[in-house]
Amino acid sequence: MTSTSKIKYLGIAAAALLATAPAVATAVVPGFTGSNITTVQAADGGLSGEFDADQTSYILAKATPGSKFYSDAALTTEAGSTAGGDLVGGLGAFYAVVSVQMTNGQVTAYHLMDSDLSKDDGWLAPDKITKFGVFDGTAFNPSTGDATFKLNTATNVYTTDGTGLSATALILDGTSHGIKAVSGTNDFGETQTIDAGKVTTNVPEKALTEVTDGTDGVKVSPVNKKARIYSNKGTTKVIDSKALSEATQIEAFVQDPDGNTVAYRIAKGQYVKAADVTSNADDSKTLTEATLSGVTVTAKADAGAQLYSDKGTISEIANTKIGNSQQYPAVGKVTNASGTIVAYKLADKQYVKAGDVNVTGDTGGGGTTTGITESKTTGTVQTKNIAQVYTDSAFTKGEDVRIGSGQTLNYTSVLKDGKGTIVGYGFTNGDHTSYIKAADVQNDVPGTGTGTGDLTIAVVPAGTMTVNSGGKAVTVYSDAATTKDSGAKLDTAYSTWAVNQTAKDKDGKTVAYDLGNNQWVKASDVTAGTTSSVTTSATPTGMALYSNFKAATIYSDPETTQANGSLMTAYDEWSAFKVAKDANGNPVAYDLGNNQWVKASDLQLQKALSGTFDAAAGTSLYSSNGALSGTIKTGGLYQVFAVTYLNGRQAVKLGNDNQWIIAATGDYYPA
């Protein structure tokens, strides 16, 4: 490639990318009173991750009444319940804090349970916690002092000078409710309490070591065509003029104090992040091949599955993939030292990664076939944790629905793998069948009495159905058959309640509604509310849209009926997390974070851009729907017309709508 090449034209287009991936702005509205959210990634540093409390010494906290609970720490999926009465002797809204989610030193969510630990309420935004305190047996006593959050498991963290610390507690600030300090034992066995600003979960460069033993024959290959090269082992200083583009022998492993490889040295003063490359280090000397017959593979992804010339699947065969509409015979399998199948051989020097394909046929043991058979049968299972729901029996397409722990489902089919092992269950979900993994459930009791009788339990997509209690203290039951009084009543301060599940009798009549975490009310005690005319689903990770710097209206609902602000005109590009579609599958709105919905008609999927793009011959081209459409025939500079995001990755348009190229695979030059 050369910057003096003649500019080439692939076709005619009417529209245009930023020189580097932009910082995506947050959908913040002037005067917006919702949660304090952000989609801008903070700089690395500080504590990150989920920290669980010591089960014998939970701290207590009060929450703002009416605050929404979420089923996930990212606060993206509503649990269908809100902060209210604690239901323990009418002592008010106070909860046990069982987990803290942190990102780069900032608390982003609290995981709460009822103070008697009888119910998992879910995750709450940090600004909804109003006070910490203690319970003396008769009342909650708030305190403005700091609270000590003891950790269930000691966590390895580091100070900014590279010293290790086995953290045993977080000190929560009684006023700001953020993390004030971290307490634990240092590398010398001394107990220390260190300011939170001087502690990080990231390993400082001083704590990294370079190991040269075992590097013979170990190569790394970039995950996305090119991998950035850094001048330091901490991989923080980019060498702008260099990038790794092919399989390369390494000189050393860069390891953290726990022995995890976080980077590789490929030459003196040149390092690549472990996350940016694949390596044959673990299996280069232990992979074995065995012949197969009667086995076929099909690509999982719409874009196809990459082929490699080596059994370690490190060296890509340029411009060669298998598709997902045709079955390809596998003549052999590649297994690692533990007997797990890691690749399939399709022909001489043609291999595909096992994780990239669906498999049918008998693989002969030592691995598992992903060919799933579904048989119609009924029974009952109960979730043992928060479980993801899928639209397909291969569990590759997650729905925008999760089911809380302890909830009962009547299944209509059973999924088994090639060995006859049950891997999942199918159940009626509105007008279609959804699936849940067997690993997420327990108590499979086909045909036995579980309190549901002939009832059919159906999951309701989040945000699509409500009921109205009329402000009455409606009885709450712990079972779908509404035979077990939980002792709780609906809060009379509220009338509208989100529905998570419905229970229907054998005639199809709805007899009960689940308001979250198996809190059932009789259908006769409430009035059915609105049912959404749209369905919502998650967008690909990394998706962004354009507003053309307009103050588009923001709504709090996917139906775009409740306006609550407008987009800031200082930004043009926005992260998108969910899409709402009408009955015909057409997008009507996008969620830009925490239920901040903007009409699809006010946003653009692509944006005009001018400039040139330096692409290498053989680089893949895609259609506007993200499907592989061809390759660049001749390397050089091409005219750029537009920018968009395909499957969560930034792409530029070099011609018509079948000539998009991923931005990370080349170099863009602004006009």
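The structure presented is a predicted model; accordingly, all values stated were derived computationally and were not measured.

K.L.:
I'd love a proper account of the overall build of the protein chain, names of residues and values included.
P.N.:
Per the secondary structure count, the protein chain includes 0 helices and 63 strands. Counting only residues that meet the buried cut, the protein chain has 45% of its 671 residues in that class. When the accessible surface of the protein chain is split by element, carbon and sulfur atoms take 48% of a total near 30,900 Å².

K.L.:
An account of the sheet that holds strand 10 (residues 147-159) is needed here, citing residue identities and associated values.
P.N.:
Pairing is antiparallel across the open sheet formed by 5 strands, whose spatial order is 13-12-11-10-14. If you trace the sheet from one side to the other, it starts and ends with strand 13 (191-195) and strand 14 (199-200), each paired once. Bridge count for strand 10 against strand 14 is 2 bridges, and the pairing is antiparallel. Across the sheet, T159 pairs through a bridge with V199, a residue of strand 14.

K.L.:
Can you explain the sheet that holds strand 32 (residues 357-360)? Please cite residues and give values.
P.N.:
A sheet is described by the order of its strands in space; here 3 strands give the open sequence 28-25-32, paired in antiparallel fashion. Among the strands making up the open sheet, the edge pair consists of strand 28 (328-329) and strand 32. Sheet topology note: the strand 25 (residues 296-299)/strand 32 ladder contains 4 bridges and is antiparallel. What sits directly across from T296, in strand 32, is T360.

K.L.:
Please set out the pattern of salt bridges residue by residue, giving values where relevant.
P.N.:
Scanning all chains against the criterion turns up 8 salt bridges. For R265, the salt bridge is made with E210, and the minimal N-O distance between the two is 2.4 Å. Here R265, found in strand 21 (residues 261-267), pairs with E210, found in strand 15 (residues 209-211); they are 55 residues apart in sequence, far enough to count as distant. As a salt-bridge pair, K653 and D657 come within 3.2 Å of each other at their nearest N and O atoms. Residue classification places K653 among the buried positions, given a relative accessible area of 8%.

K.L.:
Describe the nonpolar core, naming the residues involved and giving the relevant values.
P.N.:
The biggest cluster of nonpolar side chains holds 33 residues, and the ones touching the most others in it are Y110, F149 and L170. Residues contacting L170, with those up to four places away along its chain left out, are L47, F51, M102, A147, T148, F149, L151, I179, A181 and V182. Formed by 20 residues, the second largest nonpolar core is a distinct cluster that contains V414, F427, L455 and A480.

K.L.:
Any chance you could break down the pairing of strand 37 (residues 422-429) for me, citing the residues and the numbers?
P.N.:
Here strand 36 (residues 408-416) pairs with strand 37 via 4 bridges, running antiparallel. Looking at the pairing, S413 lines up with G426 of strand 37.

K.L.:
Residues and numbers for the confidence of the model for the protein chain, please.
P.N.:
On average, residues of the protein chain score 76 in pLDDT, and 83% of them are at 70 or above. Here residues 1-44 scores under 50 on pLDDT; set against residues more than four positions off or in separate chains, the count is 119 contacts. Segment residues 365-370 is flagged for pLDDT under 50; beyond a separation of four residues in sequence, or across chains, it makes 19 contacts in the model.

K.L.:
Could you give an account of the packing of aromatic side chains, with specific residues and numbers?
P.N.:
Scanning all chains against the criterion turns up 5 aromatic pairs. Seen from their ring centres, F69 and Y95 are 5.7 Å apart, and the 70° between their planes marks the pair as edge-to-face. One end of the pair, F69, is in strand 3 (residues 68-70); the other, Y95, is in strand 5 (residues 94-103), with 26 residues separating them in the sequence. Take F69 and Y95: they sit in the same class, and that class is buried. Taking the centre distance of 6.4 Å and the plane angle of 75° together, the rings of Y110 and F132 count as edge-to-face. Taken together, the positions of Y110 in strand 6 (residues 106-114) and F132 in strand 8 (residues 129-135) put the pair 22 residues apart, joining distant regions of the chain.

K.L.:
Requested: an account of the pairing of strand 45 (residues 501-504), with residues and values cited.
P.N.:
Sheet faces and side chains relate simply in a regular strand, where the side chains alternate between the two faces. In this structure, strand 40 (residues 456-459) lies alongside strand 45, joined through 4 bridges in antiparallel fashion. Pairing of V459 across the sheet is with Q501, part of strand 45. Across 4 bridges, strand 45 lies against strand 46 (residues 510-514) in antiparallel orientation. In the sheet register, Q501 faces strand 46, and the bridge partner there is D514. The hairpin turn running from strand 45 into strand 46, its antiparallel successor, is 5 residues long, and G508 in that turn takes a positive phi close to 85°.

K.L.:
An account of unusual backbone geometry is requested, with residue identities and associated values reported.
P.N.:
Within the chain, L75 stands out as a residue other than glycine whose phi angle is a positive 60°. Relative to the helices and strands, L75 resides in the loop between strand 3 and strand 4 (78-82). Of note, the phi angle at N548 is positive, near 60°, even though the residue is not glycine.

K.L.:
Run through the side chain of T235, naming residues and quoting values.
P.N.:
Relative to the helices and strands, T235 resides in the loop between strand 17 (227-230) and strand 18 (238-244). Residue class for T235 comes out buried when judged on its relative accessible area of 10%. In this view, T235 contacts Y230, A263, Y271, V272 and K273; residues no more than four positions away in its chain are not counted.

K.L.:
Account for the side chain of D121, with residues named and values stated.
P.N.:
Inspection of the secondary structure puts D121 in strand 7 (residues 120-124). A distance of 2.9 Å separates a polar side-chain atom of D121 from the backbone nitrogen of D114.

K.L.:
So what's going on with the environment of G361? Which residues, and what values?
P.N.:
Examined against the element boundaries, G361 turns out to sit in the loop between strand 32 and strand 33 (373-383). Here the alpha-carbon distance between G361 and S293, two residues 68 residues apart in the chain, equals 8.5 Å.

K.L.:
Which residues make up the environment of L151, and what values do they have?
P.N.:
Within the secondary structure, L151 sits in strand 10. For L151, a relative accessible area of 9% gives the class buried. Along the chain, L151 and S57 lie 94 residues apart, while their C-alpha atoms are 9.3 Å from each other. Leaving out residues up to four positions away in the same chain, L151 has contacts with F51, D52, A53, D54, A167, T168, A169 and L170.

Criteria and cut-off values
- Residues numbered from 1 in each chain as written.
- Predicted model: local features only at pLDDT ≥ 70, side-chain atom pairs only at ≥ 80, totals over all residues.
- Heavy atoms only, no water.
- Helix = DSSP H or I, 4+ residues; strand = E, 2+ residues; numbered from the N terminus.
- Buried < 20%, exposed > 50% of the residue type's maximum accessible area, 1.4 Å probe, protein only.
- Areas by Shrake-Rupley, 256 points an atom, 1.4 Å probe, with all protein chains shown as cover.
- Pairing = 2+ DSSP bridges.
- Salt bridge = Lys/Arg side-chain N within 4 Å of Asp/Glu carboxyl O.
- Core = buried A, V, L, I, M, F, W, Y, C linked by side-chain atoms within 4.5 Å.
- Contact = heavy atoms within 4.5 Å.
- pLDDT = per-residue confidence, 0-100.
- Phe/Tyr/Trp six-rings, centres within 6.5 Å; stacked < 30°, edge-to-face > 60°.
- Polar contact = N/O pair within 3.5 Å; in protein donor to acceptor, adjacent residues only side chain to side chain.

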